[in-house]
Amino acid sequence: MRGDPLLYSQFNALVLWLNKHGISFIIKANPSTMTRDRAILLKENGCQAVRFTLFGNRTTHNAHRGLDTIEELENKTRMLKTLGMPVMWNLTLGKVNLDQTLDALPFILSVKPNGISIGRLARLGRLGHQEEFTDLTPEEYRSFLLRILEF
């Protein structure tokens, strides 16, 4: 959660400043820190969508995302959508969760986020030393995309 903008001490002031200057934005946050009050603040001040990460199926996601469990992801997605705030899910892919993300497709369809983005995991910072997070080859990534189409 170190990079979660909702934890920034001046978060509310930043959102109000963006709105004052007519700057619309999309925010990537963690479900565990999203509250109804924050969602309303975002909705009323130019936020166009909220983005959350989905990291594979329930087991893999919960093992790697700490407080941002599948249940939190689902509950906060539904809450935001009820308020009229579009929600996007980032499907972040690495060797550790490629098949598990395919397993999660029925879950994605049941919750119905407003959209998804699909990206490959990059070995940066704390992830750089863990062998299980090695990059996908272009062929593995292409194969994954084809398997989504088959689904």
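Provided above is the structure to which this section pertains.
Residues numbered from 1 in each chain as written. Predicted model: local features only at pLDDT ≥ 70, side-chain atom pairs only at ≥ 80, totals over all residues. Heavy atoms only, no water.

1. What about the pairing of strand β2 (residues 47-54)?
Step number 1: Among the eight residues of β2, six are classified as buried, and the element is accordingly described as predominantly covered.
Step number 2: In the sheet, strand β1 (residues 25-28) pairs with β2 via four bridges, with the strands oriented parallel. Following the sheet pairing, Phe25 is matched in β2 by Cys47.
Step number 3: In this view, the connection linking β1 to its parallel neighbour β2 by way of helix α2 (residues 36-44) has right-handed handedness. (Buried < 20%, exposed > 50% of the residue type's maximum accessible area, 1.4 Å probe, protein only. Helix = DSSP H or I, 4+ residues; strand = E, 2+ residues; numbered from the N terminus. Pairing = 2+ DSSP bridges. Right-handed = clockwise from strand over helix to strand, strands pointing away.)

2. Overview of the nonpolar core
Step number 1: Core analysis: the largest hydrophobic core is formed by 34 residues, its most contacted members being Met34, Leu42, Val50, Phe52, Leu54 and Trp89.
Step number 2: Once you skip the residues sitting within four places of it in the chain, Leu42 turns out to touch Phe11, Val15, Phe25, Ile27, Met34, Cys47, Val50 and Met85. (Core = buried A, V, L, I, M, F, W, Y, C linked by side-chain atoms within 4.5 Å. Contact = heavy atoms within 4.5 Å.)

3. Quick notes on the environment of Arg58
Step number 1: Of note, Arg58 is situated in helix α3 (residues 58-65).
Step number 2: Each C-alpha atom of the pair Arg58 and Glu71 lies 8.8 Å from the other, and the pair is 13 residues apart in sequence.
Step number 3: Apart from residues no more than four positions distant in its own chain, Arg58 is found in contact with Ile70 and Glu71.
Step number 4: A polar contact is formed between the side chain of Arg58 and the side chain of Glu71, at a distance of 2.4 Å. (Polar contact = N/O pair within 3.5 Å; in protein donor to acceptor, adjacent residues only side chain to side chain.)

Function cannot be inferred from these measures alone, as they are strictly geometric.
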